[in-house]
Amino acid sequence: MDIVAYTKIKAELDAAGATLVAVSKTKPVEDILALYELGHRDFGENYVQELVSKQAQLPSDIRWHFIGHLQGNKAKMIAPFVHLIHGIDSIKLMDTLDKEGRKIGRVIHGLLQVHIAKEETKFGFDLNEARQALSIHFLEGSHEHLKIRGLMGMASFTDDKEQVKQEFQSLKGLFDEIHHIHPHKKDQFNTLSMGMSGDYPIALECGSNLVRVGSLLFGSRA
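Residues numbered from 1 in each chain as written. Predicted model: local features only at pLDDT ≥ 70, side-chain atom pairs only at ≥ 80, totals over all residues. Heavy atoms only, no water.

For the chain, the count of helices and strands is nine helices and eight strands. For 222 residues, the compact-globule formula gives about 17 Å, and the C-alpha radius of gyration of the chain, at 17 Å, lands near that figure. Considering only C-alpha atoms, the chain reaches an extent of 45 × 45 × 30 Å along its principal axes. Expressed as a percentage of the 222 residues in the chain, the buried residues total 50%. (Helix = DSSP H or I, 4+ residues; strand = E, 2+ residues; numbered from the N terminus. Rg over C-alpha atoms; globule rule 2.2 N^0.38 Å. Buried < 20%, exposed > 50% of the residue type's maximum accessible area, 1.4 Å probe, protein only.)

Now the structure itself:
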């Protein structure tokens, strides 16, 4: 675990008013504890079984972020404790999470994943689908046990910084548009998750307030 890198990145994000999610997937609990002992509490995992295992072994005040593609049939495994689900990519999954939250008497929080990259492999709503999904969600009583807190998007994996910037700007534009259309939901809809190890400085320039960093903190994965 790179304490120097953590201190630098945390200071940058604090200055920008952004939250750092330390992406700990495939890393041992010892690495997570090392960061926890520095006061860090937000950690991100990609795999349901790995998240469930780590949650059982680690302190209860960790805020767990699920950042992978979530299959509906596994939602119930993390519903009781997950802090934020970053990749809600269908109305069907929204309905499933609402149902799981109702079963356990807990409101689940999440972000809509919007497909802003040029690659076809990324999950997510397109811009129009996201608008429609949020219109449904914000209807009174439509999802009483699910709260969509904002948007998440991943830029293309490219060295073209201008392209990355344009993709992030498109998501920021949608975020601002939703605030304009649904001004009464601003307090709830307040999270814009953009940026990872390779592009987080551009994401911060474009208005991101939640960044996911893994390899710069924990080293490359096996």
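Bringing the nonpolar core into the picture now. One finds Leu 112 and Leu 151 to be the most contacted residues of the largest nonpolar core, which totals 59 residues. Looking at this core element by element, the count peaks at six residues for helix α7 (residues 161–181). Those residues within four positions of Leu 112 in sequence are excluded, and the remaining contacts are Ile 88, Met 94, Phe 125, Ala 130, Ala 133, Leu 134, Ile 148, Gly 150, Leu 151 and Met 152. Val 21, Leu 84, Leu 111 and Met 152 belong to the second-largest nonpolar core, a separate cluster that totals five residues. (Core = buried A, V, L, I, M, F, W, Y, C linked by side-chain atoms within 4.5 Å. Contact = heavy atoms within 4.5 Å.)

Any aromatic ring pair is given by two values, namely how distant the centres are and how the planes are angled relative to each other. Scanning all chains against the criterion turns up three aromatic pairs. Ring geometry for Phe 43 versus Trp 64: centroids 6.2 Å apart, planes at 45 degrees, classification tilted. Remark: Trp 64 occurs in strand β3 (residues 63–66) and Phe 43 occurs in strand β2 (residues 42–45); sequence separation between them is 21 residues. We note that Phe 43, like Trp 64, is buried. Here the aromatic rings of Phe 138 and Phe 189 are separated by 6.0 Å at their centres, their planes lie at 80 degrees, and the arrangement is edge-to-face. A residue pair is termed long-range when its members are at least 10 positions apart, and Phe 138 in the loop between α6 (127–137) and β6 (146–152) and Phe 189 in the loop between α7 and β7 (191–193) qualify at 51 residues. Taking the relative accessible area as the measure of exposure, Phe 138 reaches 8% and is therefore buried. Between Arg 41 and the ring centre of Tyr 36, over which it is positioned, the NZ or CZ distance is 3.6 Å. (Phe/Tyr/Trp six-rings, centres within 6.5 Å; stacked < 30°, edge-to-face > 60°. Lys NZ or Arg CZ within 6 Å of the ring centre and 35° of its normal.)

A few words on the confidence of the model for the chain. Of the residues in the chain, 97% reach a pLDDT of 70 or more, and the chain-wide mean stands at 92. The weakest mean pLDDT in the chain belongs to helix α9 (residues 215–218) at 85; the strongest belongs to β3 at 98. (pLDDT = per-residue confidence, 0-100.)

Along the chain, Phe 175 turns up in helix α7. Spatially, the C-alpha atom of Phe 175 lies 23 Å from that of Val 82, the residues being 93 residues apart in sequence. Excluding residues within four positions of it along the chain, Phe 175 makes contact with Leu 151, Phe 189, Asn 190, Thr 191 and Leu 192.

Here we take up the packing of α6 against α7. Two numbers describe how α6 lies on α7: the axes approach to 11 Å, and their chain directions differ by 25 degrees. Taken together, the axes of α6 and α7 are roughly parallel relative to one another. Where α6 crosses over α7, the handedness of that crossing is right-handed. Mapping the contact onto sequence places Leu 127, Ala 130, Arg 131 and Leu 134 in α6 and Ser 170, Leu 174, Glu 177 and Ile 178 in α7. In terms of residue class, the contact of α6 with α7 is built from five nonpolar, one polar and two charged. (Axes fitted to C-alpha atoms, helices over the stretch in contact; angles between N-to-C directions. Parallel < 35°, antiparallel > 145°, perpendicular 65-115°, else oblique. Left-handed = near helix turned anticlockwise from the far one by under 90°. Nonpolar A, V, L, I, M, F, W, Y, C, P; charged D, E, K, R; others polar.)

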